[in-house]
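So you can see what is in the structure, the chains are spelled out below.
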Amino acid sequence: MPGLFRILFSTILLLFGGIMQSNGQDTKIAPISHPFTLRINPLSALEPDGNLMAGLGYQLHKRWAVTMDPGYIFFSAYAKAANIVSLSGIKIRSDIRYLFDRSRPGKFSSFIGPEFHYKYVTSTKEDDFGINCLGGQCAYNERAEYKEIKEEAGVSLKIGTLVTLKSRWELELYGGLGIKFLTFQLRDIPPGGSFLHAPDTDLISNNNHHSPQLLVPAGIKFIFRL
């Protein structure tokens with residue numbers, strides 16, 4: 001398990017444990033009807049790193065809930081421009097949310113809370129390499145495949161609204177703002193090979209480099225109460 005993900009996952013467990021301990025001390029909280037939820041993102045395949053997402057949620061009591069939304073990445077919108085032959089990876093988003101008005105009757109309720117973001121993608125790319133280059137002169141050129149590994153980890157503050165649709169179905173609308181760190185690694189470059197054209201992103205110029213980026217989560221999800 002990569003190091004950045006271990007840190008985020010440990011933080012989630014600590015926060016979850018603290019909430020559970022607090023809830024256990026409050027014996028006056030009534031049980032929640034249908035506390036488990038199935039979560040689906042209908043637009044996940046249209047993201048730049050296209051994925052299939054199916055997650056779970058659990059409402060601890062009328063004011064607190066947790067979610068975990070994993071996705072399998074199988075597609076990139078930039079595949080042709082970036083010379084991507086194939087790719088695969090995982091994307092995980094998890095939040096701990098405070099529900100402002102979950103216990104009130106009506107169609108709308110709102111929430112706020114931190115969201116943790118993690119993504120790990122391995123792309124097989126194709127590019128032109130100069131072999132055994134010295135002083136700008138290469139013994140020969142070769143077109144070959146190599147692997148680019150991208151890792152992202154970050155946190156944001158997310159706000160959202162839950163809209164009751166029908167029976168146990170709900171629609172979640174959300175947005176947020178935060179920060180994420182990116183790491184790029186290159187592997188399986190041909191022996192003695194040098195890029196004839198520099199990679200598109202300057203992050204790769206420093207292998208295994210962490211760079212902070214703005215994180216803006218936003219979207220919709222369909223929720224079904226189990």
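Up top you'll find the structure we're talking about.
Residues numbered from 1 in each chain as written. Predicted model: local features only at pLDDT ≥ 70, side-chain atom pairs only at ≥ 80, totals over all residues. Heavy atoms only, no water.

Asker: Lay out the side chain of Ser94 with the relevant residues and their values.
Answerer: Along the chain, Ser94 falls in strand S4 (residues 84-99). The class for Ser94 is buried, based on a relative accessible area of 4%. In this structure the side chain of Ser94 is engaged in a polar contact, spanning 2.7 Å, whose partner is the backbone oxygen of Thr67. (Helix = DSSP H or I, 4+ residues; strand = E, 2+ residues; numbered from the N terminus. Buried < 20%, exposed > 50% of the residue type's maximum accessible area, 1.4 Å probe, protein only. Polar contact = N/O pair within 3.5 Å; in protein donor to acceptor, adjacent residues only side chain to side chain.)

Asker: Lay out the pairing of strand S2 (residues 49-61) in plain terms, naming residues and giving numbers.
Answerer: Pairing geometry for strand S1 (residues 36-40) and S2, over five bridges, is antiparallel. Counterpart to Ile40 in the pairing with S2 is Ala54. Taken together, the 10 bridges between S2 and strand S3 (residues 64-76) define a ladder with antiparallel strand orientation. Residue Met53 lies in a different strand from S3, and its bridge partner there is Gly71. Where S2 folds back on S3, the antiparallel hairpin that results is connected by two residues. (Pairing = 2+ DSSP bridges.)

Asker: Give a detailed account of the pattern of salt bridges, specifying residues and quantitative values.
Answerer: For the coordinates displayed, the defined rule picks out 19 salt bridges. Among the salt bridges present, the one from Glu148 reaches Lys125, with a minimum N-O distance of 2.7 Å. In this pair, Glu148 is assigned in strand S6 (residues 140-166) and Lys125 in strand S5 (residues 108-131), connecting sequence segments 23 residues apart. There is no split in this pair, since Glu148 and Lys125 are both buried. Taking the shortest distance from any N to any O, the salt bridge between Asp188 and Lys147 comes out at 3.7 Å. Highlighted residues: Asp188 in the loop between strand S7 (169-187) and strand S8 (193-195) and Lys147 in strand S6, separated in sequence by 41 residues. Connected through salt bridges with shared partners, the residues Arg39, Asp69, Arg93, Asp95, Arg97, Glu115, Lys158, Glu172 and Lys221 form a single ionic network. (Salt bridge = Lys/Arg side-chain N within 4 Å of Asp/Glu carboxyl O.)

Asker: I'd like a description of the state of the cysteines, backed by residues and values.
Answerer: Following the criterion strictly, the structure yields one disulfide and no others. Put simply, Cys133 and Cys138 are joined by a disulfide, and their sulfur atoms are 1.9 Å apart. Torsion about the S-S bond of the Cys133 and Cys138 cystine: about 100°, corresponding to right-handed handedness. Since its relative accessible area comes to 29%, Cys138 is described here as partly exposed. (Disulfide = S-S within 2.5 Å.)

Asker: Got a sec to walk through the packing of aromatic side chains? Specific residues and values, please.
Answerer: Counted according to the given criterion, the structure contains seven aromatic pairs. Here the aromatic rings of Tyr146 and Phe195 are separated by 5.3 Å at their centres, their planes lie at 80°, and the arrangement is edge-to-face. A residue pair is termed long-range when its members are at least 10 positions apart, and Tyr146 in strand S6 and Phe195 in strand S8 qualify at 49 residues. Given a relative accessible area of 23%, Phe195 falls into the partly exposed group. Three or more aromatic residues joined by ring pairs form one cluster here, namely Trp64, Tyr98 and Phe100. Here the guanidinium or amino end of Arg97 rests over the ring plane of Phe111, the centre of that ring lying 3.8 Å away. Over the face of the ring belonging to Tyr174 we find Lys158, whose NZ or CZ atom lies 4.7 Å from the ring centre. (Phe/Tyr/Trp six-rings, centres within 6.5 Å; stacked < 30°, edge-to-face > 60°. Lys NZ or Arg CZ within 6 Å of the ring centre and 35° of its normal.)

Asker: Quick one: what's the story with the environment of Tyr72, residue by residue and with numbers?
Answerer: Here Tyr72 shows up in strand S3. When its relative accessible area of 46% is taken as the criterion, Tyr72 is described as partly exposed. When the C-alpha positions of Tyr72 and Ile90 are compared, they lie 4.8 Å apart, and in sequence the two are 18 residues distant. Those residues in contact with Tyr72 that sit more than four places away from it in its chain are Gly50, Asn51, Leu52, Ser88 and Gly89. (Contact = heavy atoms within 4.5 Å.)

Asker: Could you give an account of the environment of Leu56, with specific residues and numbers?
Answerer: One can find Leu56 in strand S2. A relative accessible area of 51% places Leu56 in the exposed class. If we ignore the near neighbours within four places in the chain, the residues touching Leu56 are Thr37, Leu38, Arg39, Val66, Thr67, Met68 and Asp69.

Asker: An account of unusual backbone geometry is needed here, citing residue identities and associated values.
Answerer: Where the residue is not glycine, phi is negative for most of them; where a peptide bond is considered, it is trans in most cases. Positioned with a positive phi, Asn83 is a non-glycine residue whose angle comes to about 60°. Position of Asn83 among the secondary structure elements: in the loop between S3 and S4. Among the residues examined, Asn83 registers a relative accessible area of 32% and is labelled partly exposed.

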